[in-house]
Amino acid sequence: MEIAARSGLTEATVSRIVKQLVQSGIVIETGRGSSTGGKRPTLLELNRTARFAVGILLSDRRTTYVLTDLSGAVVASDEAAGTAHIRRGDVAATAPGVIDSLLEQAKAPREALLGIGVAIPGREEYGESGPRPDPEWRPEWDWAAVEQDLAKATGRPISVENDSTCAAIGEFWTTQGSAAADFAVVNLASGIGFGLVTAGDVYRGATSNVGELGHVILDVNGPECTCGSRGCLEMLAASKAIVRSALGDRAFAHDLALSGAPEDAPDDYDRIARASADGDGRATALIVDAARLLGKALVSVTNVLDLERIVLTGPALDHVGSEVARVVGEELSDHAYVRRIHPTHVQLSRNGRLASSIGAASLAIHEQLGGFHRTAAPQESADHEQSIRQRSTKE
Ligand SMILES: [Zn+2]
């Protein structure tokens, strides 16, 4: 059996697993292949629409929902206000209704929903002596609390992971065929995150707080950062830094009707990005300066990791994605240590603004189907899954 040979499992184990997958409808038998001497092999195919998963991205600008099938294809999506404008309780109150409507749009039965993945800015591990939380990140958006709320509100297993890692998982999952073995994803949201896919897996670090690209130091004498260092990339080039620079030019801030209130930073940034896309030279100068600094940080990263491909994604790329990719690409082709040996390709995610939420859905699928559970599923849902299994066994 080819699967046994490739996986190193015994034929008996493979037969047992395949039987379970066929019974649950996840894999279908599509016929018989030609014999290479012995019995004609059974051909198997993934039944993509046998199960679905929901991915939710929580960002300051927006909350993005996707429903994907088992191949990572988005079959329905929706958007709601971001964390800058809602409270944690609002997500739990809204999510069940949104999820029902996604299932309805996709004509997917409720019992086919495997679980829910949530991509959240990685701010979990704050100790007494560790970095101070970002003052604009309200402590109510804590991973464990979001997970608990959603599990209670939906009765489904919830998987939570940081948004940059989710973006990397999403990118890897949906472009696996053509993906170079190792690549990085840069996620531009309220902060600047980095996810690394290496040897076919996502690098998670010790506590999933991997990829704080925003805290790469670019100016040792620069402004003090919440992490305790000075001159971090995030202080100089994240969307709030761009808003801060814009507010320094009173005429420009007035022309764009920028609010300047901290809770309006996502909307102010959006106005600047739109203005740049509409050809406003002052707005474009701010976006280009920030992209240049991001490029310099990525030159350092790729000098350490020798990356071939960097994928850019995240809500802060709305309207300005191609400009940012152009400037970052220029920095790398001019300054990367390996530039004479091979290019470092910089591209926008093919998943556009959905990369992190697709990755979150993928996480839910892998945790539920892969037998990898970081957290116990709520009892109701475990019973529910059990009943699906029993039903499919009977059939
Ligand atoms: Zn910092």
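Given the structure is predicted, the values throughout are model-derived calculations rather than measurements.

Caption draft 1: Local environment of the overall build of the chain. Helices and strands together make up the secondary structure of the chain, namely 13 helices and 12 strands. Relative to its full complement of 395 residues, the chain shows a buried share of 49%. When contacts within the chain are restricted to residue pairs at least 6 apart in sequence, long-range pairs at least 24 apart make up 63% of them.

Caption draft 2: Looking closely at the coordination of the zinc ion. On the protein side, the zinc ion has His-215 (ND1), Cys-225 (SG), Cys-227 (SG) and Cys-232 (SG) as donor atoms, found 2.0 to 2.3 Å from it. Around the zinc ion sit 4 donor atoms; with metal-centred angles ranging over 103 to 123°, the donor geometry is tetrahedral. All donor residues of the zinc ion come from one chain, and their arrangement in sequence is H-x9-C-x1-C-x4-C. In this pair, His-215 is assigned in the loop between β10 (201-202) and α6 (233-237) and Cys-225 in the loop between β10 and α6, connecting sequence segments 10 residues apart. A relative accessible area of 24% means that His-215 is categorised as partly exposed. On the basis of relative accessible area, Cys-225 is assigned to the buried category, the value being 2%.

Caption draft 3: Structural context of the sheet that holds strand β7 (residues 158-162). Reading across the sheet, the 5 strands line up as β5-β4-β3-β6-β7 and stay open at both edges, with mixed pairing between neighbours. Single-partner strands in this sheet number two, and they are β5 (74-81) and β7. In this sheet, adjacent strand axes meet at a mean angle of 20° when their direction is disregarded. The pairing of strand β3 (residues 52-58) with strand β6 (residues 113-120) spans 6 bridges and is classified as parallel. Following the sheet pairing, Val-54 is matched in β6 by Ile-116. The sheet contacts of helix α3 (residues 88-105) involve β3, β4 (62-69), β5 and β6, and relative to β4 the element is tilted by about 35°. The strands that helix α5 (residues 163-174) touches are β3, β4, β6 and β7; relative to β7, the one it contacts most, it runs at about 105°.

Caption draft 4: Spatial organisation of empty space enclosed by the protein. Across all of its chains, the model carries 2 cavities of 30 Å³ or more by this definition. Taken as a whole, the largest cavity holds about 140 Å³ of empty space. Along its surface, the largest cavity is lined by 18 residues, and Leu-188, Ala-237, Ile-242, Tyr-269 and Ala-290 are the ones closest to its centre. Elements with a minimum of two residues in the lining of the largest cavity: α7 (239-247) and α10 (281-305). Looking at which element gives the most residues to the lining of the largest cavity, the answer is α10, with 4 residues. Taken together, the residues that form the lining of the largest cavity break down as 15 nonpolar, 3 polar and no charged.

Caption draft 5: Fine view of the packing of α3 against helix α4 (residues 143-154). The contact between α3 and α4 brings their axes to 9 Å, and the two run at 40°. Here α3 is positioned oblique relative to α4, judged by the angle of their axes. Considering the relative orientation of α3 and α4, their crossing is right-handed. Counting all contacts with α3, which are made through Arg-88, Val-91, Ala-92, Ala-95, Pro-96 and Ile-99, the residues of α4 involved are Ala-145, Val-146, Asp-149, Leu-150, Ala-153 and Thr-154.

Caption draft 6: The environment of Ala-119, seen in detail. Mapped onto the secondary structure, Ala-119 falls in strand β6. For the pair formed by Ala-119 and Val-160, sequence separation is 41 residues and the distance between their alpha carbons is 6.1 Å. Setting aside its immediate chain neighbours within four residues, Ala-119 contacts Ile-56, Leu-57, Leu-58, Glu-161, Asp-163, Cys-166, Ser-356 and Ala-360.

Caption draft 7: Looking closely at unusual backbone geometry. With a phi close to 55°, Lys-107 is a non-glycine residue in the positive phi region. Note that Lys-107 resides in the loop between α3 and β6. Notably, Asp-306 is not glycine yet its phi reads approximately 50°, a positive angle. Counting through the fold element by element, Asp-306 comes out in the loop between α10 and β11 (309-313). By relative accessible area, which is 42% here, Asp-306 ends up partly exposed.

Caption draft 8: Just the packing of helix α9 (residues 265-277) against α10, in detail. In the contact formed by α9 and α10, the axes pass within 7 Å of each other and the chain directions differ by 110°. Classified by the interaxial angle, the pair formed by α9 and α10 is roughly perpendicular. Across the interface between the two elements, Tyr-269, Ile-272, Ala-275 and Ser-276 from α9 touch Ala-283, Thr-284, Leu-286 and Ile-287 from α10. Residues of the contact of α9 with α10, tallied by class, amount to 6 nonpolar, 2 polar and no charged.

Caption draft 9: Representation of α10 within the structure. Taking 1.5 Å per residue, 25 residues should reach 36 Å; α10 reaches 35 Å between its end C-alpha atoms and fits that length. A side-chain oxygen of the first residue of α10 lies 2.9 Å from the backbone nitrogen of Arg-282; this N-cap is Asp-280. Where α10 terminates, the next one or two residues include Asp-306, which has phi positive at roughly 50°.

Analysis parameters
Residues numbered from 1 in each chain as written. Predicted model: local features only at pLDDT ≥ 70, side-chain atom pairs only at ≥ 80, totals over all residues. Heavy atoms only, no water. Helix = DSSP H or I, 4+ residues; strand = E, 2+ residues; numbered from the N terminus. Buried < 20%, exposed > 50% of the residue type's maximum accessible area, 1.4 Å probe, protein only. Contact = heavy atoms within 4.5 Å. Donors = N, O, S within 2.8 Å, 3.2 Å for Na, K, Ca; no water. Tetrahedral: all angles 85-135°; square planar, octahedral: opposite > 155°, others 65-115°. Pairing = 2+ DSSP bridges. Axes fitted to C-alpha atoms, helices over the stretch in contact; angles between N-to-C directions. 1 Å grid on protein atoms, 1.4 Å probe; cavity = no way out; pocket = protein on both sides within 12 Å on 5 of 7 lines; lining within 4 Å. Points joined across faces, edges and corners; volume = space filled by probe spheres on them. Nonpolar A, V, L, I, M, F, W, Y, C, P; charged D, E, K, R; others polar. Parallel < 35°, antiparallel > 145°, perpendicular 65-115°, else oblique. Left-handed = near helix turned anticlockwise from the far one by under 90°. Expected span 1.5 Å × (residues − 1). Polar contact = N/O pair within 3.5 Å; in protein donor to acceptor, adjacent residues only side chain to side chain.

Shape descriptors only; they carry no functional weight alone.
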